[in-house]
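# Structural features, examined
Below are the chains, spelled out letter by letter.
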Amino acid sequence: MQLNKFSLKGGDNIVLIDRKDRQYYFKLSPDKTIDLRGGKIQHKDIIGKEEGEEITSSTGERFFVFRATLSQFSLKMPRKGQIIYPKDVGIILIWADIFPGAKIVEGGIGSGALTLALLRAVGSQGEVVSYEIRKDFAQQAKININNFMGEVKNLKIKLKNIYQGIDEKNVDRVILDVPEPWEVVDHAVSSLKNGGIFLSYVPTALQVKRLVDVMRESKAFAHIQTIEVLLRPWNVEGMSLRPAHRMVAHTGFITLGRKIKANVTRNI
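All values derive from a computational prediction rather than experimental measurement.

## Concerning the sheet that holds strand β10 (residues 171-176)
- With respect to topology, 7 strands assemble into an open sheet ordered β9-β8-β7-β10-β11-β15-β12, the strand pairing being mixed. Of all strands in the sheet, those bounded by a partner on one side alone are β9 (155-158) and β12 (221-228). Averaged over all adjacent pairs, the angle separating strand axes in this sheet is 15°, with direction ignored.
- Both strand β8 (residues 127-131) and β9 contribute to a ladder of 4 bridges, which runs parallel. Pairing of Val-128 across the sheet is with Leu-155, part of β9.
- Strand contacts of helix α4 (residues 113-122): β7 (103-107), β8, β9 and β10, with the helix running at about 160° to β8, the strand carrying the most contacts.
- Along the sheet, helix α7 (residues 205-218) contacts β11 (192-202), β12 and β15 (253-259); its crossing angle with β15, the most-contacted strand, is approximately 5°.

Below, the structure written as structure tokens:
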């Protein structure tokens, strides 16, 4: 079969979407079979198709096929612990102003959901250095990242407790997903460039309070703020327009601040 640059191929991460907009994730492999509600679809019959084409199972059920987005992949990938959800990842990328070529230090790689987004945002000229104390987390994250992006050359994973220090200097951003981010504040101050952004993601208000107190006591940050992201879908069918019965509400708090030049004594 002659494939063009748009064709789906073995190794691609795909989603099938049925008539009720339900999504099913798979990784294409020529020798595998998909079994959905008793209907079978051969992977080899998908390979060579283009995104948006219709696929029919052996029972006649029809699906549209697409390459999986980063959001879809993140929600389906294997994980060792909780991930940062796409609604929060999107805000982190924008509020922390993750830009092409940036050098990022990440504390807590987890299963790699945020790391994937950071790598895409900094591009091939940027760098992400991830600190992780659990070897099994680091290994699973690397598998997930390679599964979605292939081999990446601008990611360094350090099996080291970020509470004990950050080796890198003059970095653009320090992004944390750790339970005690206040333990990293002094290290972040030493590591960040002036104007660099420190950002932390934590689940509870008590963690936020302690972190913000330590950030203010350090007198090293301006524009300290905390936000929460709530996502409410809407149903639009015919003449009916209403919010969905379920929404993605609290998952965590995002706290950030910008590093100021040393010896500034004003209150922040």
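## Side note on the layout of surface pockets
- Approximately 500 Å³ is the volume attributed to the largest pocket.
- Every residue lining the largest pocket is counted, 24 residues in all, and those nearest its centre are Gly-108, Phe-137, Asp-177, Val-178 and Pro-179.
- The class makeup of the residues in the lining of the largest pocket is 13 nonpolar, 7 polar and 4 charged.

## So, the pairing of strand β6 (residues 62-67)
- In this structure, strand β1 (residues 13-17) lies alongside β6, joined through 4 bridges in antiparallel fashion. Across the sheet, the residue bridging to Leu-16 is Val-65, located in β6.
- Pairing analysis gives 3 bridges linking strand β5 (residues 54-56) to β6, with the strands arranged antiparallel. Each residue of the ladder has a partner; that of Ile-55, found in β6, is Phe-63.

## Looking at the pairing of strand β3 (residues 33-36)
- Alternating positions in β3 separate cleanly, Ile-34 and Leu-36 being buried on one face and Thr-33 and Asp-35 remaining unburied on the opposite face.
- When β3 meets strand β4 (residues 39-42), the two strands line up antiparallel, connected through 4 bridges. Note that in β4 the partner of Leu-36 across the bridge is Gly-39.
- Linking β3 back to β4 in an antiparallel pair, the connection comprises 2 residues, with Arg-37 at a positive phi of about 50°.

## A word on the sheet that holds β6
- Reading across the sheet, the 4 strands line up as β2-β1-β6-β5 and stay open at both edges, with antiparallel pairing between neighbours. The open sheet has two edge strands, β2 (23-27) and β5, and neither has a second partner. Across the sheet, the mean angle from the axis of one strand to that of its neighbour is 35°, orientation sign disregarded.

## Quick look at the pattern of salt bridges
- In this structure the tally under the stated criterion is 18 salt bridges.
- Among the salt bridges present, the one from Lys-158 reaches Asp-167, with a minimum N-O distance of 3.0 Å.
- Glu-168 is paired through a salt bridge with Lys-158; the nearest N and O atoms lie 2.5 Å apart. On the criterion of sequence distance, the pair formed by Glu-168 in the loop between β9 and β10 and Lys-158 in strand β9 is long-range, its members being 10 residues apart.
- Residue class for Glu-168 comes out buried when judged on its relative accessible area of 9%.
- Beyond isolated ion pairs, a larger network of salt bridges with shared partners links Lys-9, Asp-12, Glu-51 and Arg-67.

## Some points on the nonpolar core
- The biggest cluster of nonpolar side chains holds 34 residues, and the ones touching the most others in it are Ile-92, Ile-98, Ile-104, Ile-175 and Ile-254.
- Listed by contribution, the elements that provide at least two residues to this core are α2 (70-76), α3 (86-95), α4, α5 (135-149), β11 and β15.
- Examining the composition of this core, we find that 8 residues originate from one element, α4, more than from any other.
- When near neighbours in sequence (up to four residues on either side) are disregarded, Ile-98 contacts Ile-92, Leu-93, Ile-104, Leu-118, Ala-121, Val-122, Arg-173 and Ile-175.

Rules used throughout
- Residues numbered from 1 in each chain as written.
- Predicted model: local features only at pLDDT ≥ 70, side-chain atom pairs only at ≥ 80, totals over all residues.
- Heavy atoms only, no water.
- Pairing = 2+ DSSP bridges.
- Helix = DSSP H or I, 4+ residues; strand = E, 2+ residues; numbered from the N terminus.
- Axes fitted to C-alpha atoms, helices over the stretch in contact; angles between N-to-C directions.
- Contact = heavy atoms within 4.5 Å.
- 1 Å grid on protein atoms, 1.4 Å probe; cavity = no way out; pocket = protein on both sides within 12 Å on 5 of 7 lines; lining within 4 Å.
- Points joined across faces, edges and corners; volume = space filled by probe spheres on them.
- Nonpolar A, V, L, I, M, F, W, Y, C, P; charged D, E, K, R; others polar.
- Buried < 20%, exposed > 50% of the residue type's maximum accessible area, 1.4 Å probe, protein only.
- Salt bridge = Lys/Arg side-chain N within 4 Å of Asp/Glu carboxyl O.
- Core = buried A, V, L, I, M, F, W, Y, C linked by side-chain atoms within 4.5 Å.

Read these as spatial facts, not as claims about activity.
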